[in-house]
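Understanding the architecture of this molecule
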Protein chains: 2
Amino acid sequence: MSYAAWIAVDWGNSNLRLWAMGPDGPIAERKAPQGTLALPGPEAYEPALLALAGDLIAPDRKTMVLICGAVGALGGWVEAPYRQLPCVPLGAGEFTSPEVKDPRLDLRILPGLNQARPPAILRGEETQAAGFLVSEPDFDGILCLPGTHTKWMHISAGEVVSFLSFMTGELFRFLADASVLRFTTARAGFDEAAFLDAVSDAISRPERMASGLFPLRAEAVLAGLDPVVARSRLMGLLLGAELAAARMQWLGRDVVVIGGAEMAAAYATALEAQGVAVRRFDGDKAALMGLIEAHRLMA
Amino acid sequence: MSYAAWIAVDWGNSNLRLWAMGPDGPIAERKAPQGTLALPGPEAYEPALLALAGDLIAPDRKTMVLICGAVGALGGWVEAPYRQLPCVPLGAGEFTSPEVKDPRLDLRILPGLNQARPPAILRGEETQAAGFLVSEPDFDGILCLPGTHTKWMHISAGEVVSFLSFMTGELFRFLADASVLRFTTARAGFDEAAFLDAVSDAISRPERMASGLFPLRAEAVLAGLDPVVARSRLMGLLLGAELAAARMQWLGRDVVVIGGAEMAAAYATALEAQGVAVRRFDGDKAALMGLIEAHRLMA
């Protein structure tokens, strides 16, 4: 096996995902559930990185490890600065280096973006946006990036103009897997009709996000509500309330949903039902293309 | 110390609270954080009860232990039935007994209430409602019972006519103590102005419950938002969305908030700001009076 020329890392709230880069592109791709929310403190990051990628790093020289994502947030590895909107998604060669013990590591954490009004910050999505813009430099519209904290970014003339953030992913995971609804919600599965009914309900009456939760348990206990229907309706209530709040972002706009997981498909389905001509773009591909672009800007 | 003639127990999602009853009222009162959400399974309930109350139980005879609350729900100790609305809050002498190892225990779990449309179930609040009605038998109005799962009960002619349930308490605890907002939210403290602003905002635009969460973190990172203000605004967003959904319950009605904790005070403050002439009634007192009434009905 050959060592990485450099390593591209997308380290978010929920996952650590990396690519060992060779001269012609990725030579290895790895993923672990050690997202920032799963790590107890700054001292846990270097061991987590080395456990996943140590064998890809040459023993006798420095290897650049270029990282985007929540790893650079308050409560993460080290706090990296934010660049202020409006601006292009990636700065030229800006980064922050945490102290590391392993002398082989040339660690570079990319800055995030911030916006003053309404107060908003993001990390990682700027890199995905940059990756998407490599393939479509003239894009003018909205990037919807579902995740632990979903972002809606308005892109125009190559710049990030504004964005909104929602905790929908984190809320869904708590409600489905840890709250009292865990007894009545399937771990997987998707009922599109139940989902879209709940989306439509919550878009027109966003207070249903509050009033619609406990009835999922009650209907399960009283009438045997199907756990997959409960899961889909729960997801629909949360996404519907988000779509109601983000209406000005998607109404009549060119919307691209960037992501690969179940949530991205759900967002696309919900937006299509509202008459939006949604396009999708793979989230991992966007992150990798963005990190390659960031690496080019380091030169 | 004398032994209990019988034991009154309010065993909810978050707390186990009990009173050892003598001939003239309580002779001891105890509380532990072993609510149903903290217990791993049915086998954990008898040891938790004996750890808190074992020394109050006479060695040489059966002692009646009368229990209300989530302990009788699916996922609790044993599933006790539900009585169907509309009905008086307590049935005459109905109970369910889980199997126990300790021969001194005569365990009686009270039934809950259910409503077919919208699907709704409750346990424990029926006993608090009964306790309140002992002191005010002709009450016609709304009982608001804040807790892990807040209930709004419509009472008329001594009967529970209908109710709504919200997960606001459980959501607040997750968001403030376990979500990404934990880094920016104080563990205690209350800023009434920040709270009421958020309540008012979410009542008029309930989608703010979705869009207002992540900005609490962003404003903390970017502008040093005070952690007590963040906590109060978070509580206000959740309560405001609930009040929007429960508007038909409280608008122009006689509302009594039953509870003792911080959340009950917050509900009363929020309702008063909406022009509701709220009264308050102590939650522990309501539960104890209700359990005494249930004991009387066992005779």
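Quick notes on the rules
- Note that residues are indexed from 1 along each chain, following the sequence as it is written.
- Working convention: letters from A go to chains and numbers from 1 go to ligands, in the order in which they are written.
- For this predicted model, a pLDDT threshold of at least 70 governs which residues receive local features, and a threshold of 80 or more governs which side-chain atom pairs are given and counted, while totals over whole chains, interfaces and linings are taken from all residues.
- The basis for the side-chain values is all heavy atoms of the structure; hydrogens and waters are excluded.
- Helix and strand definitions here come from DSSP, where helices need a minimum of 4 consecutive H or I residues and strands a minimum of 2 consecutive E residues; each element is numbered from the N-terminal end.
- Between two residues, a contact is recorded if the distance between any of their heavy atoms is within 4.5 Å.
- Nitrogen and oxygen atoms within 3.5 Å of one another constitute a polar contact, given that in protein one can donate a hydrogen and the other can accept it, and given that sequence-neighbouring residues count only through two side-chain atoms.
- Per the annotation, domain bounds derive from an automatic or database assignment of domains.
- Salt bridge, as used here: a side-chain nitrogen of Lys or Arg that lies within 4 Å of a carboxyl oxygen of Asp or Glu.
- A residue counts toward the fit only if its pLDDT is at least 70 in both copies, and the copies are then superposed by least squares on the C-alpha atoms of those residues.
- For every residue, the accessible area (1.4 Å probe, protein chains only) is compared with the maximum for its type, and the residue is labelled buried under 20%, exposed over 50%, or partly exposed between those bounds.
- In this description, strands pair whenever DSSP reports at least two bridges between them.
- Under this scheme, a helix contributes an axis fitted over its contacting stretch, all axes are lines through C-alpha atoms, and angles between N-to-C directions fall in the 0 to 180 degree range.
- Comment on the angle field: the value is read as roughly parallel under 35 degrees, roughly antiparallel over 145, roughly perpendicular from 65 to 115, and oblique elsewhere.
- Definitions for this section: a left-handed crossing has its near helix turned counterclockwise from the far helix by less than a right angle. A right-handed crossing has that turn clockwise.
- Only Asp, Glu, Lys and Arg are considered charged in this grouping, and only Ala, Val, Leu, Ile, Met, Phe, Trp, Tyr, Cys and Pro are considered nonpolar; every other residue, Gly among them, is considered polar.
- A 1.4 Å probe defines the accessible area here, and the buried area is the portion of it lost by two parts on being joined, summed over both.

Further remarks concern the environment of Lys62(A). Residue and element names in this part refer to chain A. Along the polypeptide, Lys62 turns up in the loop between α1 (45-53) and β4 (63-68). In this structure, the C-alpha to C-alpha distance between Lys62 and Arg104, residues 42 residues apart in sequence, is 4.4 Å. Setting aside anything within four residues of it in sequence, one finds Lys62 in contact with Pro103, Arg104, Leu105 and Asp106. A polar contact is formed between the side chain of Lys62 and the backbone oxygen of Pro103, at a distance of 2.8 Å.

Right, let's get into the domain arrangement of chain A. All names here are of chain A. What the domain assignment reports for chain A is domain 1 (6-138 + 283-298) and domain 2 (166-281). Opposite the ten residues of domain 1 that make contact, domain 2 presents eight residues. Along the contact surface separating domain 1 from domain 2 lie one salt bridge. The partner of Arg279 in a salt bridge is Glu136, with the nearest N and O atoms 2.9 Å apart. Scanning the region where domain 1 abuts domain 2 turns up three residue pairs in polar contact (both at pLDDT 80 or more). Contributions of two or more residues to the side of domain 1 that touches domain 2 are made by α2 (125-135) and α10 (283-298). Counting residues per element, the side of domain 1 that touches domain 2 draws most heavily on α10, at four residues.

When chain B is fitted to chain A, the best match, at an RMSD of 0.0 Å, comes from turning it 180° and sliding it 0.0 Å along the axis. The operation mapping one copy onto its partner corresponds to a two-fold rotation axis. Distance from the rotation axis, computed per C-alpha, reaches its smallest value in chain B at Pro206(B): 2.8 Å. An overlap of 100% is found between the interface residues of chain B and their copies at the interface of chain A, pointing to a shared contact surface.

Take the pattern of salt bridges next. The tally for this structure, following the rule as stated, stands at 30 salt bridges over all chains. A salt bridge links Lys151(B) to Glu125(B); the nearest nitrogen and oxygen atoms lie 2.9 Å apart. Here the residue Lys151(B) occupies a position in strand β10 (residues 150-156), and Glu125(B) occupies one in helix α2 (residues 125-135), the gap between them amounting to 26 residues. Glu125(B) shares its class with Lys151(B); the two are buried. The partner of Glu262(B) in a salt bridge is Arg231(B), with the nearest N and O atoms 2.8 Å apart. Note that Glu262(B) is positioned in helix α9 (residues 262-273) and Arg231(B) in helix α7 (residues 227-245), a separation of 31 residues in sequence. According to the relative accessible area criterion, Glu262(B) is partly exposed, its value standing at 35%. Bridged by salt links that share partners, the residues Asp10(A), Arg17(A) and Asp284(A) form one connected network.

The next subject is the sheet that holds strand β12 (residues 255-258) of chain A. All names here are of chain A. On the basis of which strands lie adjacent, the open sheet formed by five strands has the order β11-β10-β9-β12-β13 and mixed pairing. One side of each edge strand has no neighbouring strand; the edge strands of this open sheet are β11 (159-166) and β13 (279-281). Each adjacent strand pair in this sheet contributes to an overall mean axis angle of 25°, direction not counted. With seven bridges connecting them, strand β10 (residues 150-156) and β11 associate as antiparallel partners. For Trp152, the partnering residue across the bridge sits in β11 and is Leu164.

The next thing to look at is the packing of helix α4 (residues 192-204) of chain A against helix α7 (residues 227-245) of chain A. When two helices pack together, their arrangement is given by the angle between their axes and by how far apart the axes lie. Residue and element names in this part refer to chain A. The geometry of α4 relative to α7 is characterised by a closest axis approach of 7 Å and an angle of 30° between their N-to-C directions. With respect to α7, the element α4 is oriented roughly parallel. For the pair α4 and α7, the crossing hand works out as right-handed. Side by side, α4 and α7 meet where Ala194, Phe195, Ala198, Val199, Ala202 and Ile203 of the first sit next to Val229, Ser232, Arg233, Met235, Gly236, Leu237, Leu239, Gly240, Ala241, Leu243 and Ala244 of the second. Of the residues in the contact of α4 with α7, the class split is 13 nonpolar, three polar and one charged.

All names here are of chain B. In terms of burial, strand β4 (residues 63-68) is a largely internal element, six of the six residues being buried. Across the two faces of β4 the burial is the same, with Thr63, Val65 and Ile67 and Met64, Leu66 and Cys68 all buried. The sheet contact formed by strand β1 (residues 6-11) and β4 spans five bridges and is parallel. Looking at β4, one finds that Ala8 is bridged to Leu66. Relative to strand β6 (residues 105-109), β4 is paired through five bridges, and the arrangement is parallel. In the sheet register, Thr63 faces β6, and the bridge partner there is Leu105.

As a further point, take the interface of chain B and chain A. By a widely used convention, the size of an interface equals the accessible area lost when the partners come together. Taken together, the contact pairs 42 residues of chain B with 42 residues of chain A. For the pair chain B and chain A, the two sides together bury roughly 3600 Å², of which 79% comes from carbon and sulfur. The tally of links from chain B across to chain A stands at four residue pairs in polar contact (both at pLDDT 80 or more). Listing elements by their share of the side of chain B that touches chain A, those giving two or more residues are β7 (112-115), β8 (120-122), β11 (159-166), α3 (168-177), α5 (208-211), α6 (214-223) and α7 of chain B. Ranked by residue count, the leading element in the side of chain B that touches chain A is α6(B), at seven residues. Within the side of chain B that touches chain A, the residues separate by chemical class into 28 nonpolar, seven polar and seven charged.

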